[in-house]
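Coordinate analysis (summary)
Each chain, letter by letter, is given below.
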Amino acid sequence: MQAWKDYQAENKDRFLEELFGLLRIPSISADSAYKDDVARCAEAVKEHMENAGCTNVEVCATAGHPIVYGEKIIDPTLPTVLVYGHYDVQPAEPIDKWTTPPFEPQVRDGKIYARGACDDKGQMFMHIKAVEVMAKTNSLPCNIKLMIEGEEESGSTSLGKFLEDNKERLKADIVLVSDTSMISMETPSIESGLRGITAVEIEVTGPNRDLHSGVYGGAVANPLNMLCKLVASLHDENGHITVPGFYDAVVELSEEERKKLNLAPFDIAEYQSDLGIQETWGEKGYTTLERTGIRPTLDLNGIWGGYQGEGSKTVLPSKAFAKITMRLVPNQKPAEISALFVKHFNSIAPGCVSVKVTPGHGGDPVVTPTDSPAYQAAAKAIQTTFGKDPIPTRGGGSIPIIALFEKTLGLKTVLLGFGLDNDNIHSPNEKYDVANFYKGIETIPYFHKYFAESFK
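Summarised in this report is the structure supplied together with it. (Residues numbered from 1 in each chain as written. Predicted model: local features only at pLDDT ≥ 70, side-chain atom pairs only at ≥ 80, totals over all residues. Heavy atoms only, no water.)

Comments concerning the overall build of the protein chain
Test applied: Strands here are runs of E lasting at least two residues and helices are runs of H or I lasting at least four, both read from the DSSP assignment and numbered beginning at the N terminus. Throughout, radius of gyration means the C-alpha value; the globule benchmark is 2.2 Å times the number of residues raised to the power 0.38. When accessible area is computed with a 1.4 Å probe and restricted to protein chains, residues below 20% of their type maximum are described as buried, those above 50% as exposed, and intermediate ones as partly exposed. Should any heavy atoms of two residues lie within 4.5 Å, those residues are considered in contact. Per-residue and other accessible areas follow the Shrake-Rupley method at a 1.4 Å probe size, with only the shown protein chains counted as cover for residues.
For the protein chain, the count of helices and strands is 13 helices and 20 strands. Relative to a compact globule of 456 residues, whose C-alpha radius of gyration would be 23 Å, the protein chain shows 23 Å and is just as compact. With the C-alpha coordinates aligned to their principal axes, the bounding extent of the protein chain is approximately 80 × 50 × 45 Å. Counting all 456 residues of the protein chain, 53% fall into the buried class. Summarising the internal contacts of the protein chain: among those between residues at least 6 apart in sequence, 79% fall at separations of at least 24. Just so you have it, the protein chain exposes about 20300 Å², and 49% of that area is on carbon and sulfur atoms.

Here's the deal with the pairing of strand 3 (residues 80–86)
Here is the key point about a regular strand: its side chains alternate between the two faces of the sheet. Where we set the bar: Two strands qualify as a pair provided DSSP detects at least 2 bridges between them.
With respect to burial, strand 3 is a largely interior element, seven of its seven residues being buried. In terms of strand pairing, strand 3 meets strand 6 (residues 143–149) through seven bridges, oriented parallel. The partner of histidine 86 across the bridge, within strand 6, is glutamate 149. The pairing of strand 3 with strand 7 (residues 174–177) spans four bridges and is parallel.

Digging into the nonpolar core
Filter applied, for reference: Only buried residues count toward a nonpolar core, which is a set of Ala, Val, Leu, Ile, Met, Phe, Trp, Tyr and Cys residues joined through side-chain atoms within 4.5 Å.
Of all hydrophobic cores here, the largest spans 67 residues; its most connected members are Val45, Met49, Tyr87, Leu416, Phe418, Phe437 and Phe447. Sorting the residues of this core by element identifies helix 1 (2–23), helix 2 (35–52), strand 3, helix 3 (121–136), strand 6, strand 7, helix 11 (373–386) and helix 13 (434–453) as the ones contributing at least two each. If you tally residues by element for this core, the top one is helix 13, at 10 residues. Listed in part, the 27 residues of the second largest apolar core include Val231, Phe246, Val250 and Val357.

Details of helix 6 (residues 223–232)
Heads up, the rule is: Arc definition: it is the arc formed by the directions from the helix axis to the C-beta atoms. Under this definition, polar contacts are N or O atom pairs within 3.5 Å; protein pairs additionally need one hydrogen-donor-capable and one acceptor-capable atom, and for neighbouring residues in sequence, both atoms have to be side-chain atoms.
Buried within helix 6 are the following residues: Pro223, Met226, Leu227, Leu230 and Val231. Taken end-on, helix 6 shows its buried residues confined to a sector of 130°, consistent with a single buried face. Residues of helix 6 that are exposed and point more than 90 degrees away from the buried face comprise Lys229 and Ala232. Lining the buried residues of helix 6 we find strand 10 (196–205), strand 12 (297–305), strand 14 (319–328), helix 10 (334–348) and strand 15 (354–363). For helix 6, the N-terminal capping position is held by asparagine 222, with its side-chain oxygen 2.9 Å away from the main-chain nitrogen of leucine 224.

Brief notes about unusual backbone geometry
Cis geometry is adopted by the peptide bond preceding proline 94, which originates at glutamate 93 and carries an omega value of 0°. Cis rather than trans, the peptide bond between aspartate 119 and aspartate 120 has omega equal to 0°. Following the sequence through the fold, aspartate 120 ends up in the loop between strand 5 (111–113) and helix 3. Not every positive phi belongs to a glycine, and serine 156 is a case in point at roughly 50°. The topology assignment puts serine 156 in the loop between strand 6 and helix 4 (159–165). In the Ramachandran plot, asparagine 424 falls in the positive-phi region, its phi being about 60° despite a non-glycine side chain. Position of asparagine 424 among the secondary structure elements: in the loop between strand 19 (419–420) and strand 20 (431–433).

Quick word on the packing of aromatic side chains
Put simply, the rule is: Note on aromatic pairs: the rings of Phe, Tyr and Trp (six-membered ring only in Trp) are paired at centre separations within 6.5 Å, and the planes decide the class, stacked below 30 degrees, edge-to-face beyond 60, tilted for the rest.
As enumerated under the stated definition, the model contains 12 aromatic pairs in all. Ring geometry for tyrosine 7 versus phenylalanine 15: centroids 6.4 Å apart, planes at 40°, classification tilted. In this structure, tyrosine 7 and phenylalanine 15 share a single accessibility class: buried. Aromatic pair tyrosine 84 and phenylalanine 405: ring centres 5.6 Å apart, planes at 75°, arrangement edge-to-face. Residue tyrosine 84 is located in strand 3, and its partner phenylalanine 405 is located in helix 12 (residues 401–409); the two are separated by 321 residues in the primary sequence. Given a relative accessible area of 0%, phenylalanine 405 falls into the buried group.

Comments concerning the sheet that holds strand 4 (residues 106–108)
Rules: Only the stretch in contact is used when fitting a helix axis, every axis being a line fitted to C-alpha atoms; angles between N-to-C directions are given from 0 to 180 degrees.
Pairing is antiparallel in the open sheet, where three strands are placed in the order 4-5-20. Both edges of this open sheet fall to strand 4 and strand 20, since each of them pairs with a single strand only. Neighbour-to-neighbour, the strand axes of the sheet open up by a mean angle of 30°, direction not taken into account. Sheet analysis places strand 5 next to strand 20, joined by three bridges and oriented antiparallel.

Structural data, given as structure tokens:
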């Protein structure tokens, strides 16, 4: 609609500057030192919702960080879309790897560089601006509810209770999320599934104190050495995870399904060049697209122990620690996989050390139907603004709340993301193309239009 285009064109500079204001707030949910900043960001999101034309806007307290809720109800008889996003961000470390400070957004070569630029402030904010575009032009085709949380990057621990306590308020026909990516602006895509996740933390203990490595080295087990050996054993020479029972519930795709998945444009040389690697690695017998979309993984995310300061300190540390996450595929359950991991890791620990494995947060894998009216509305919206039909893909990331929407609210989800795989989310120099930000604001209103029309 021309009114949408005109309004966005007239206000695009303001939209970008308002996004910058959100990006300047270090809303790191996993670090309690930033609790006040997370709360400040929630208030800023509330103000933007109100300015966009939403009503009943509220910063809802939880046991953790607050959730911001707002709505634009034009006619209770019309379909309702529940928009989900998050305003919290990952820690920015290592800070010295950023070209510019992570919370001082800058545009370079048409890209916004800042922590949260893509994940998820930039993408979440597109929805608030899309509501504004439609509200200010009096052209909302359906009812819209927005629920923007502040704990996605730390496990969405408060969301389950919030959903249970607010079933009536959150009633809708579909959930719309932009916290995913597409192949490229030239080859748009829509993710039709996400992997699940389960996390564990490991503590390995040896002697009751740090020991002199000359006096005791070779006679007492070094917890760091033992931990590295144990972690290395979790994969075999073919990249296969060695935890017994790990693959028992995995749904194997047919050859035809795998063939369709690999039709997505993918340049292995460009992929390796972008990452600065000589070759890829992974489970034998699967392509890179399959390894990152339809196969489960087990990865060491952090390992530490012993002396970390400048110079040398020759000790055998008393303790060593590691953080591990496992990405899961359909039919794998986080609690079951965590239990299998704990059992296996305890079984392989040598008697010279003791181990403690603590399960962390988790989320179920999800698959969204591509033949639903909501998915078709998203595909039609992409076709309208990109001029091309989108390719369905499987996402390698995890959004734990998606499975909760279906379990608690009985709602399916559409993953209408506009990020790119090379946007460096969770890494230094996170970015989001200005063009993608604007294209999202342009496209989202068409989703609401076509979704509403599917009810007629």
